Amino acid sequence: MPTRDDLRNIAIIAHVDHGKTTLVDAILHQTGAFLGGSVRRGMDAIDRVLDSGDLEREKGITILAKHTAVSYGGVMITIVDTPGHADFGGEVERGLTMVDGALLLVDAVEGPLPQTRFVLRKALSLRLPIIVAVNKVDRRDAQIDRVVNDVEELFLDLDADEDQIGFPVLYTCARSGWATTDRAEAARVSAAGEPPQASYPATASYPATASSPATASSPATGACGLQPLFDAILETVPPPSYDEEHPFQALVTNLDADPYLGRLAVCRVHHGEVHRGDVIARCRPEGVLEEAKVVECFETFGVERRRVEVARPGEIVSVAGMPDVMLGDTLAALDDPRPAEALVVEEPSLAVTLGVNTSPLAGREGTKLTARLLKGRLDAELVGNVAVRVRSTSRPDTWEVHGRGELQLAVLVETMRREGFELTVGKPQVLTREIGGAVHEPFEDLVVDVPDDFVGVVTQLLALRRGEMRQMVNHASGWVRLDYRVPARGLVGFRTEFLTETRGAGMMHHVFAGWAPWCGDLRTRRNGSLVSDRQGAATGYALTTLQDRGRLFVGVGAEVYEGMVIGENTRVEDMGVNPTREKKLTNMRSSTAEVLERLAPPVQLSLEQALEWIGEDECLEVTPAAVRIRKRVLPKGERGRLRGRARHESQLP
């Protein structure tokens, strides 16, 4: 089959915070993407260019897969930057369908982690050639030899083919912008503890042709250079191939938007070519064919989106003119439409209920309040997110949203609250399956890195959550790595408790491992709630008394209502309290009676922390201005009757 030797498509895959987006920044800088006159002033001072979303920049993670392209040696290299968090694995699966090879980035200190295994398994299953880059080799605590050995063992464990096991290895520092194939040089840099370079080269480091000499020097001289990385891409990643006799065919794997043209279909052209203005066929996954017109066609190069007249095989382009295009659609020739293979991603394992705000404070802080608007927003989310499912419930104003994990669902809720929605969010629940006549639940592979002083308390916490230890490794550096297999519902609410018990020093990562038989009931929360028994404004006099009962979530002047959780009780059971009580007015006063009374500042829980903390009978009131914890049933009398009925039913034979 003929190939496009002037083109390469590669995806960068890694665990979260191993340096993918930083490496893309270095590639853009060194190929001159920030030097063109059309680039806006000040762009060269922005880091993490592809993390353009507000939440992405605030959280420091990649949420949506994005692509760009650079030119090296007369070859256009298209790079797909994928998320590193397990909750956004659907973005990784889509990104890998558009490329012909993958660059696996591994931290030189942490080594392969659960998400590394997940993304590598997906790349190997698609038979993509892999380039391994050991990143952050400039750190003094880098363990390069151990990390390379662990990566080799991971390839063998995942049953990689003989061709895939012979992968090239590079040693990089994405923040400084250099790469080398010399392990001894990388070890020398790590031993010396050389600080990262402060800036990138002032001009493009590489010439227009591969035969002319490169201008970037090696890391031994202290300069930045990614030439070994580009050479490895050209040598390892095959050029796109296509069938000359096959009519035009492109699979829509992502969606974008333009303020003037509307929805854009991001797709890779597999066969044939399409011109701007052509009339084509849009093949839906269910077999429906519709006629469409290519109004505009764009390619992304550097930090710009530029118009092209024709899209040829192997190119990743954005096509405008189809306002209702969906993920998984196939764009094909009108006279001979041939649908491509359907896009398949792993099923969700976690669910949360979303409904309209039903608290006494509803309608005060948001602008989108009705069930119709909420349902429309959830339907819009399904258009661009293949890893999310929406199911109806018995109530007309509540829906069940399925996703990969707590962070993915929390990002969706956070995005909606910033758009003006007021929501009621339930506690995340795992999804179960019936396999072989028995109920199965999802399990997660958990990797925990903690100082050796906290090994005992962490093992105790995971034992209560039915965790099974697979491996314990002590690197003789004061840190211990624990590998566990844990039920997914056992990890709901675990992160906050884990960070508290390890004084914020522990690190944990987990990824979906598979389905296993239901392992019984879990009790994951050891403290009850302080529940307000009336509506009003919280007073300092009442909160000063209540702070001895536990941690408070509200401050002086906060609006509270009956059934709202205002704090965490020090005991197991819930406690009804009056946070609006005022000091009685008398004619007796003492100048020193209240001198020593101090009100501690309230604990401000983020949306993710609140989702982890709430109990089975609680939910969240989420508005653009606040996140409040409340009971699902607000009146105290009704909650008591429900508890009594539950106790009675549990005693029935």
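First things first, this report covers the structure right here in the doc. Numbers given for residues are sequential positions, taken from 1 along each chain in its written order. Restriction of local features to residues with pLDDT of at least 70 applies here, the model being predicted, together with a cutoff of 80 or more for giving and counting side-chain atom pairs; totals for whole chains, interfaces and linings are based on all residues. The side-chain values count all of the structure's non-hydrogen atoms but skip hydrogen atoms and water molecules.

**Considerations on the overall build of the protein chain**
Selection rule: Only DSSP runs of H or I reaching four residues or more are called helices, and only runs of E reaching two or more are called strands; each is numbered from the N terminus. Only protein chains enter the area calculation, which uses a 1.4 Å probe; residues under 20% of their type maximum are buried, those over 50% are exposed, and those in between are partly exposed. By definition, residues are in contact when any of their heavy atoms lie within 4.5 Å.
Across its full length, the protein chain holds 15 helices and 35 strands. Counting all 653 residues of the protein chain, 52% fall into the buried class. Contacts spanning at least 24 positions in sequence make up 73% of the contacts within the protein chain whose residues lie at least 6 apart.

**What to know about the sheet that holds strand β17 (residues 330-333)**
Our working definition: Paired strands, in this sense, are two strands between which DSSP finds at least two bridges. Axis definition: a line fitted to C-alpha atoms, limited for helices to the stretch in contact. Angles are taken between N-to-C directions and run from 0 to 180 degrees.
Across the sheet, which stays open at both edges, the eight strands sit in the order β12-β11-β17-β8-β9-β16-β13-β14 with antiparallel pairing between neighbours. At either end of the open sheet lies a strand with only one pairing partner, and these are β12 (289-293) and β14 (304-307). Averaged over all neighbouring strand pairs, the angle between strand axes comes to 40°, with direction disregarded. Taken together, the three bridges between strand β13 (residues 296-301) and strand β16 (residues 316-320) define a ladder with antiparallel strand orientation.

**Quick look at the nonpolar core**
For clarity, the cut-off: The definition of a nonpolar core used throughout is a set of buried Ala, Val, Leu, Ile, Met, Phe, Trp, Tyr and Cys residues joined through side-chain atoms within 4.5 Å.
In this structure, Leu104, Ile130 and Phe155 are the most contacted members of the largest nonpolar core, which totals 42 residues. Mapped by element, the contributors of at least two residues to this core are β1 (7-14), α3 (89-96), β4 (101-107), α4 (114-125), β5 (130-135), α5 (144-157), β6 (169-173) and α7 (183-192). For this core, the leading source of residues is α5, giving six residues. Those residues within four positions of Phe155 in sequence are excluded, and the remaining contacts are Leu104, Leu120, Leu124, Ile130, Val132, Ala160, Gln164, Ile165 and Phe167. Listed in part, the 32 residues of the second largest apolar core include Val390, Leu409, Val425 and Val565.

**Quick word on the environment of Arg534**
The test is simple: Here a polar contact means two N or O atoms within 3.5 Å. Within protein one must be a hydrogen donor candidate and the other an acceptor candidate, and residues neighboring in sequence count only if both atoms are side-chain atoms.
Tracing the backbone shows Arg534 in the loop between β28 (529-532) and β29 (536-537). Spatially, the C-alpha atom of Arg534 lies 7.9 Å from that of Thr580, the residues being 46 residues apart in sequence. One polar contact links Arg534 to Asp533, side chain to side chain, over a distance of 2.9 Å.

**Thoughts on the pairing of strand β11 (residues 279-283)**
Taking burial as the measure, the five residues of β11 include four buried ones, the bulk of the element. In this structure, β11 lies alongside β12, joined through five bridges in antiparallel fashion. By the bridge assignment, Val279 is partnered in β12 with Lys293. Hairpin connection, β11 to β12: the antiparallel pair is bridged by five residues, and Gly287 has positive phi, about 100°. With four bridges connecting them, β11 and β17 associate as antiparallel partners. Paired with Arg282 across the strands is Leu331, a residue of β17.

As far as function goes, none of this settles anything; it's purely spatial.
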